[in-house]
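# Secondary and tertiary structure notes
Spelled out, the chains give:
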Amino acid sequence: MKVRFIIVFIVSMVAILVSTIIFTYSSVLKINRDMQTEFIEPLKDISGDDPDILRHITVYEAFGEKRAVESTRNYVSLFLVLLLIMIALFMLFILGITRPIKKLSVKVDKAFLRDTKENFNFKEQGSAEVRTLICAFNKAFSRITQYEELVGDISRFRGWKEISRLIVHEVNNILSPARVYCEYLVEKSQNEDKAMMILKKIDEISGVLSKFREISHLPEANLKKTDIVPVICEVCKEFDNVVFMSEYEEMTLPIDTILFKEIIRNLIKNAVESGDSVNVTVRLLLENQNSVVSVEDNGCGISRNKLDSIFNPGFSTKSGNLGIGLSLVKSLIYEHNGNIEVESNPGKWTKFRVIIPAYKE
Amino acid sequence: MRILEVFETILIVLGISAIYPRVNIDNLYIYKKDNAVYVSFEAHNLINDSIEKIIRSGIPVNLYFHTSTTDKKNVIFDTNYIYVIRFQDDTFYLNGELIENSERLITSISKNTFVILDNIESESGKRITTQIDISISADKIPNLNDLWGNQPKITLNYRL
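Worth saying up front: this structure is predicted, and the values here are computed from it rather than measured. (Residues numbered from 1 in each chain as written. Chains lettered and ligands numbered in written order. Predicted model: local features only at pLDDT ≥ 70, side-chain atom pairs only at ≥ 80, totals over all residues.)

## Focus on the overall build of chain B
Definition in use: Strands are runs of DSSP state E lasting at least 2 residues, helices are runs of H or I lasting at least 4, and numbering of each runs from the N terminus. Remark: C-beta atoms are placed from the backbone, and a residue is labelled buried if 20 or more other C-beta atoms sit within 10 Å of its own, exposed if 12 or fewer do, or partly exposed between those counts. Two residues qualify as a contact pair if the distance between their C-beta atoms, derived from the backbone, is within 7 Å.
Check the secondary structure of chain B and you find three helices and nine strands. A buried classification covers 23% of the 160 residues belonging to chain B. Relative to all contacts within chain B whose residues are 6 or more apart in sequence, the contacts with residues 24 or more apart total 62%.

## So, the overall build of chain A
A tally of regular secondary structure across chain A gives nine helices and seven strands. Taking all 361 residues of chain A together, the buried fraction comes to 18%. In chain A, 65% of the contacts between residues at least 6 apart in sequence involve partners at least 24 apart.

## Details of the nonpolar core
So the rule is basically this: By convention in this section, buried Ala, Val, Leu, Ile, Met, Phe, Trp, Tyr and Cys residues joined through C-beta atoms within 7 Å make up a nonpolar core.
Core analysis: the biggest nonpolar cluster contains 27 residues, and Ile 263, Ile 264, Leu 267, Ile 268, Val 282, Val 295 and Val 329 of chain A have the highest contact counts within it. At the level of secondary structure, the elements contributing two or more residues to this core comprise helix H6 (228–236), strand E3 (252–255), helix H7 (257–272), strand E4 (280–287), strand E5 (290–297), helix H9 (325–335) and strand E7 (349–357) of chain A. For this core, the leading source of residues is H7 of chain A, giving seven residues. Non-local contacts of Ile 264 of chain A, meaning those with residues more than four positions away in its chain, are made with Ile 232, Val 235 and Val 293 of chain A. Phe 63 of chain A together with Ala 43, Leu 46 and Ile 136 of chain B belong to the second-largest nonpolar core, a separate cluster that totals 26 residues.

## Examining the interface of chain B and chain A
Cut-off, in case you're wondering: In the scheme used here, Gly and all other residues not listed as nonpolar or charged are polar, with Ala, Val, Leu, Ile, Met, Phe, Trp, Tyr, Cys and Pro taken as nonpolar and Asp, Glu, Lys and Arg as charged.
Counting residues at the interface gives 15 residues for chain B and 16 residues for chain A. Listed by contribution, the elements that provide at least two residues to the side of chain B that touches chain A are helix H1 (3–13) and helix H2 (49–56) of chain B. Looking at which element gives the most residues to the side of chain B that touches chain A, the answer is H1 of chain B, with five residues. Split by residue class, the side of chain B that touches chain A holds nine nonpolar, four polar and two charged.

## Quick look at the sheet that holds strand E9 (residues 153–159) of chain B
Residues and elements named next belong to chain B. Just so we agree on the cut-off: Strands are labelled as partners when DSSP assigns at least two bridges between them. Note on geometry: axes are C-alpha line fits, over the in-contact stretch for helices, and angles between N-to-C directions span 0 to 180 degrees.
Taken in spatial order, the six strands of this open sheet run E6-E5-E4-E3-E8-E9, and their pairing is antiparallel. Strand pairing shows two members of the sheet lacking a second neighbour, strand E6 (97–99) and E9, which therefore form its edges. On average, adjacent strands in this sheet sit at an angle of 20 degrees to one another, irrespective of strand direction. In this sheet, E9 lies alongside strand E8 (residues 127–138) in antiparallel orientation, the contact comprising seven bridges. Each bridged residue has a counterpart across the sheet, and for Ile 132 the counterpart in E9 is Ile 154.

## Some details on the packing of H7 of chain A against H9 of chain A
Residues and elements named next belong to chain A. Selection rule: Left-handed describes a crossing whose near helix is turned anticlockwise from the far helix by less than a right angle; the clockwise case is right-handed.
Viewed as axis vectors pointing N to C, H7 and H9 meet at an angle of 145 degrees, and their least axial separation amounts to 9 Å. Between H7 and H9 the crossing geometry is left-handed. Counting all contacts with H7, which are made through Leu 259, Glu 262, Ile 263, Asn 266, Leu 267, Lys 269 and Asn 270, the residues of H9 involved are Gly 325, Leu 326, Leu 328, Val 329, Leu 332, Ile 333 and Glu 335. The residue makeup of the contact of H7 with H9, split by class, is eight nonpolar, three polar and three charged.

## Some remarks on the confidence of the model for chain B
Put simply, the rule reads: Along the chain, pLDDT gives the predictor's confidence residue by residue, from 0 to 100.
Within chain B, residue pLDDT values average 90, and 99% of them lie at 70 or more. Interface confidence in the predicted complex, given as ipTM, is 0.77; pTM for the same model is 0.52.

## Things to note about the environment of Arg 67 of chain A
Residues and elements named next belong to chain A. Relative to the elements of secondary structure, Arg 67 occurs in helix H3 (residues 64–114). Residue class for Arg 67 comes out partly exposed when judged on the 15 C-beta atoms lying within 10 Å of it. Each C-alpha atom, one on Arg 67 and one on Leu 29, is 9.6 Å from the other, the two residues being 38 residues apart in sequence.

## A few points about the pairing of E4 of chain A
Working note: regular strand, side chains alternate between the two faces of the sheet. All names here are of chain A. Relative to E4, strand E2 (residues 242–246) runs parallel, the two being bridged by five bridges. Across the sheet, residue Ser 246 finds its bridge partner in E4, namely Leu 284. Relative to E5, E4 runs antiparallel, the two sharing eight bridges. Residue pairing across strands places Leu 285 opposite Val 292, the latter belonging to E5. Counting the residues that bridge the hairpin from E4 to E5 gives two residues, and of these Asn 288 lies at a positive phi of roughly 50 degrees.

## Quick notes on the sheet that holds strand E2 (residues 36–44) of chain B
All names here are of chain B. If you trace the three strands from one edge of the open sheet to the other, you get E1-E2-E7, paired in antiparallel fashion. If you trace the sheet from one side to the other, it starts and ends with strand E1 (24–33) and strand E7 (111–118), each paired once. Strand-to-strand twist of the sheet, defined as the mean angle between neighbouring strand axes without regard to direction, takes the value 20 degrees. Across eight bridges, the pairing between E1 and E2 is antiparallel. What sits directly across from Asn 24, in E2, is His 44.

Laid out in structure tokens, this is it:
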């Protein structure tokens, strides 16, 4: 491609040079001929046989061709200088387009094929059109990264659901006969206390299994236009010390009522468990055409280094907790095309913000 | 313009080819005779059409053969051979002598034999350089040399 471009460029330059020389030289010769017919010849006639004038005319004519060539050289030089300046400017313009695009393509190639985790934020440079293109690429990659995370979360959530279903099924198969035998032992055993201890532990295992059952039995999101105010209100009533504040009497959003309740319930539960006698406030806000449900508590807060991990499955700051709740919340919010943010001041407060895009007709 | 003329014009404008005919030197000989060194050569196109027109207009033209001979550093022989060409009453004159026609004139000035060093016995065994610069001039036409396609020059290196 480059060689072809260089050949076309050289041929074009030679063609321009040759045509310029011919055109200019022909023009200068025409001027000389016109000078000869319209000035020199009449001058000869007027001068008669004056030898001095004839000598001057002869010398002028003898140098005629030299003058024509020199004039042509001057004009062609001027034209070539202008042409070279134009070519330089043109090349700068072309390079302003091709260089950033080349760098962009290398970066895209690297981001797609080699290191997908690399932060793609290409410097906007080149002409206005190229800057617009780079800006669009940056936005597109940002969206792709978001979708990758989203897809990953949804996949993980679905994986958890499936695993939970299997665990609940298999462990229940083992626990059910164990419980029957244990109850029998409690009735018949001389050592009733030890049998009761085994039964208690089986009940604890059943409690854990019930949490997994909750995940495994969650239905697929079926979004419908629903007024979320009574939905949130209903969940808040399940807990003590929870205040629901809303400036809106009604706010219709595309939600799955069961799953949405699960989101709010988990967040409130998480807030309530963040300390002793914690006050929890649930607010309903409208920000930038998005509905925001904020769950705030004055509990122990979350340290800054743990904030990034709290939505990972299995991660929990509380002992004896499975670390499923917030992971489940995040996945369910994604099913609602929404997002969740968290802010915390360790030792003072924590605020979760569920952002659900407004319903569009 | 025909293709050949176009091609020739391009070469001339680009400076590859000359506008006027080039002065060519050939049949160059150098020889010793009578305690002197002589050079003999033929110079063609000294009088081309443009120069002939100027001569025919009545302007006297001088043709110079400036000869300078040096050993390593010193000039040991320096002289100017001059042809004065004049056209008067439809007749050419070369150094005052009548020449029948332009062909004869051209032949006369083409074949030249000049002394380039005399008293060669004193220069025996030395390495000598002789340069002959050919130029043409006329009153009130200082750039008459421009009517030649080149600036002719002969350089000779020899050891006596």
